[in-house]
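This is what each chain is made of:
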Amino acid sequence: MKVLLIGGGGREHALGWKITQSPLVDELVCAPGNPGLAALGRCEPVSAEDVPALTALALAERPDLVVIGPEAPLAGGLADHLTAHGMMVFGPSAKAAQLESSKAFTKEFCDRHAIPTAGYRTVKTTAEANEYLQMLAPPFVLKADGLAAGKGVVIAQDLQEAQQAAATLLDGQFGSASKTLVIEEFLHGVEASFFAFSDGRHVVPLIAAQDHKRAFDGDLGPNTGGMGAFSPAPQMDEAMTARVMKEIILPTITGMAAEGNPFIGVLFAGLMIGSTGPKLIEYNVRFGDPECQVLMMRLQSDLLPLLLACAQGDLTNAANRPPAPQWDERACASVVMAAKGYPDTYQKHLALSLPKQTAPAVQIFHAGTTLDKQDMLVSNGGRVLAVTALGANVTEAAAMAYQECDRINFPDGFYRTDIGASVRPAK
Ligand code: AMP
Ligand code: GLY
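Quick caveat, the model's predicted, so the values are computed rather than measured. (Residues numbered from 1 in each chain as written. Chains lettered and ligands numbered in written order. Predicted model: local features only at pLDDT ≥ 70, side-chain atom pairs only at ≥ 80, totals over all residues. Heavy atoms only, no water.)

Engineer: Is there a simple way to explain the packing of aromatic side chains in this structure?
Structural biologist: By convention here, two paired aromatic rings are described through the distance between centres and the angle between planes. Tallying each qualifying case throughout the model produces 9 aromatic pairs. Between the aromatic rings of tryptophan 17 and phenylalanine 365, the centroid separation amounts to 5.6 Å while the plane-to-plane angle is 75°, which identifies the pairing as edge-to-face. Taken together, the residues tryptophan 17 in helix H1 (residues 10-19) and phenylalanine 365 in strand E18 (residues 362-366) connect sequence positions 348 residues apart. Judged on exposure class, the residue tryptophan 17 and its partner phenylalanine 365 are both buried. Centre to centre, the rings of phenylalanine 216 and phenylalanine 414 are 6.0 Å apart; their planes meet at 50°, and the pair counts as tilted. (Phe/Tyr/Trp six-rings, centres within 6.5 Å; stacked < 30°, edge-to-face > 60°. Helix = DSSP H or I, 4+ residues; strand = E, 2+ residues; numbered from the N terminus. Buried < 20%, exposed > 50% of the residue type's maximum accessible area, 1.4 Å probe, protein only.)

Engineer: Just to check I follow, could you spell out the packing of helix H8 (residues 126-133) against helix H9 (residues 159-170) for this structure?
Structural biologist: Relative placement of two packed helices is described by the angle separating their axes and the distance separating the axes. At a minimum axis separation of 10 Å, H8 and H9 run at an interaxial angle of 155°. Put simply, H8 runs roughly antiparallel to H9. You can see that H8 and H9 cross each other, and the crossing is right-handed. Where H8 approaches H9, its residues Thr126, Ala129, Asn130 and Leu133 are matched on the opposing element by Leu159, Ala162, Gln163, Ala166, Ala167 and Leu170. Tallied by class, the residues present in the contact of H8 with H9 amount to 7 nonpolar, 3 polar and no charged. (Axes fitted to C-alpha atoms, helices over the stretch in contact; angles between N-to-C directions. Parallel < 35°, antiparallel > 145°, perpendicular 65-115°, else oblique. Left-handed = near helix turned anticlockwise from the far one by under 90°. Contact = heavy atoms within 4.5 Å. Nonpolar A, V, L, I, M, F, W, Y, C, P; charged D, E, K, R; others polar.)

Engineer: Would you mind going over the sheet that holds strand E1 (residues 2-7) with me for this structure?
Structural biologist: For sheets, the rule is that strands pair by backbone hydrogen bonds, running either parallel or antiparallel. The strand order across the open sheet built from 5 strands is E3-E2-E1-E4-E5, with neighbouring strands paired in parallel fashion. Lying at the two open borders of the sheet, with one neighbouring strand each, are strand E3 (42-43) and strand E5 (89-90). Alignment of E1 against strand E2 (residues 27-32), held across 6 bridges, turns out to be parallel. Pairing of leucine 4 across the sheet is with valine 29, part of E2. Against the sheet, helix H3 (residues 51-61) touches E1, E2 and E3, its axis set at about 170° to E1. (Pairing = 2+ DSSP bridges.)

Engineer: Would you explain the pattern of salt bridges in this entry?
Structural biologist: Side chains that differ in charge, positive against negative, can pair when their charged atoms come close. The final tally for this structure, using the stated rule, is 18 salt bridges. The partner of glutamate 12 in a salt bridge is arginine 11, and the shortest N-O contact between them spans 2.8 Å. Of the two residues, glutamate 12 and arginine 11, neither departs from the other in class, the shared state being buried. Linking lysine 107 and glutamate 184 is a salt bridge whose minimum nitrogen-to-oxygen distance equals 2.9 Å. Residue lysine 107 is found in helix H7 (residues 103-112), and its partner glutamate 184 is found in strand E9 (residues 181-184); the two are separated by 77 residues along the sequence. (Salt bridge = Lys/Arg side-chain N within 4 Å of Asp/Glu carboxyl O.)

Engineer: In this structure, what is going on with the site of ligand 1? I would like to understand it.
Structural biologist: In the vicinity of ligand 1 there are 15 residues, among which Glu184, Glu185, Leu187, Glu191 and Glu282 approach most closely. Interatomic distance of 3.0 Å between a side-chain N/O atom of lysine 143 and a nitrogen atom of ligand 1. Within the contact set of ligand 1, an oxygen atom lies 3.2 Å away from a side-chain nitrogen or oxygen of lysine 213. Within the complex, 91% of the 470 Å² of free accessible area of ligand 1 lies under protein. Listed by contribution, the elements that provide at least two residues to the shell around ligand 1 are strand E7 (140-144), strand E8 (153-156) and strand E16 (277-284). Of the residues in the shell around ligand 1, the class split is 8 nonpolar, no polar and 7 charged. (Near = heavy atom within 4 Å. Polar contact = N/O pair within 3.5 Å; in protein donor to acceptor, adjacent residues only side chain to side chain. Areas by Shrake-Rupley, 256 points an atom, 1.4 Å probe, with all protein chains shown as cover.)

Engineer: Would you mind showing me how to read the environment of serine 193 here?
Structural biologist: Here serine 193 shows up in strand E10 (residues 190-199). Sequence separation between serine 193 and alanine 229 is 36 residues, and the spatial gap between their C-alpha atoms is 9.7 Å. The contact partners of serine 193, leaving out residues within four places of it in the chain, are Ile207, Ala208, Ala209, Asp211, Phe268, Ala269 and Glu291. A polar side-chain atom of serine 193 sits 3.1 Å from a polar atom in the side chain of glutamate 291.

The following block contains the structure:
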């Protein structure tokens, strides 16, 4: 089989790494890919945001399956264009991708299907924002309705700060993405990211991971796309997973299908596990980055039959059912090495060098790298590498990943030193 993988970050390197381990795959093409993926397949220089060019590439390549990694091409309708041409696509339609591309859509959808989430109001003017903010207690949570690269959420500690943030957002801080805001009640608890595959009607649960969103140790500094992740997430035991499936994931898949927008792909639920149970913070319509890296390292069975079954709409078809995913008992941790200054301003083309060999339980996934004119590896983004390792528990997995970080030479980079530190090793 020939697979076309869209994207060029750490998530896509992990997906490509796992996809090419499948005995069913004989060719991988990536758009745009990265130097890590170039070792696994052919990379075509087409931006993951250029939907017309990606469509043209897919039509020229005629892959047996297209796997779409990032949210932008999904929100831009790439899956719709490709399925209209009869292609097999892992990833939702633009309408189903509204679960990520519009927070207002998701909140209203949750209301319609009784999915537990924070109380909220959607506002379009500062007057509406101020009226609702006065009814809430601090801290205040304000969210741009549309896609804002993970930066569209403000948590304000006092009313004045919240009102100022609302005014700045509505004034177009994120262009049209913040012309509408969702203001919501602050949720207390522990966060977890949970993942499930769907073919539009049926669901196969995957496992949970926990992300570290803030830039610096101790959860300080600005929000980022994710500075590290680990799995398993201790609060997502079997009983909590069953509750999340019943109260959140299944009503979502059933609700989307009933509304005529079946969801095909991987549904990523950002959860807050509080005293009254799980609540949905947000949906994403693709794998998390770097959560994907830890999931792919822990997945022992073949990924490809599952991706294909989602695309074909027969995830639980008795005659053709792919085997349920099998998971490594070991824990996994991923440490993101970022360019100094990320997530604000940072330089590209920073020098870095990687060890020639890594232990089998360690993978260095390329996230934002490229080759310079002399074919030397340099940085090409804010998040540059995702150093990922398996270990007997989260503490040991993180220790392995940090040992590998010590072997990487990236003088203008930085990373958090407390990934997974909140989890105590099991006695
Ligand atoms: P989101 O992009 O919606 O996942 O929000 C980014 C981060 O903001 C989340 O991972 C949470 O840490 C925090 N957050 C978002 N919504 C809430 C909420 N209602 N209550 C508490 N924290 C929140
Ligand atoms: N790590 C969070 C995300 O991918 O959105």
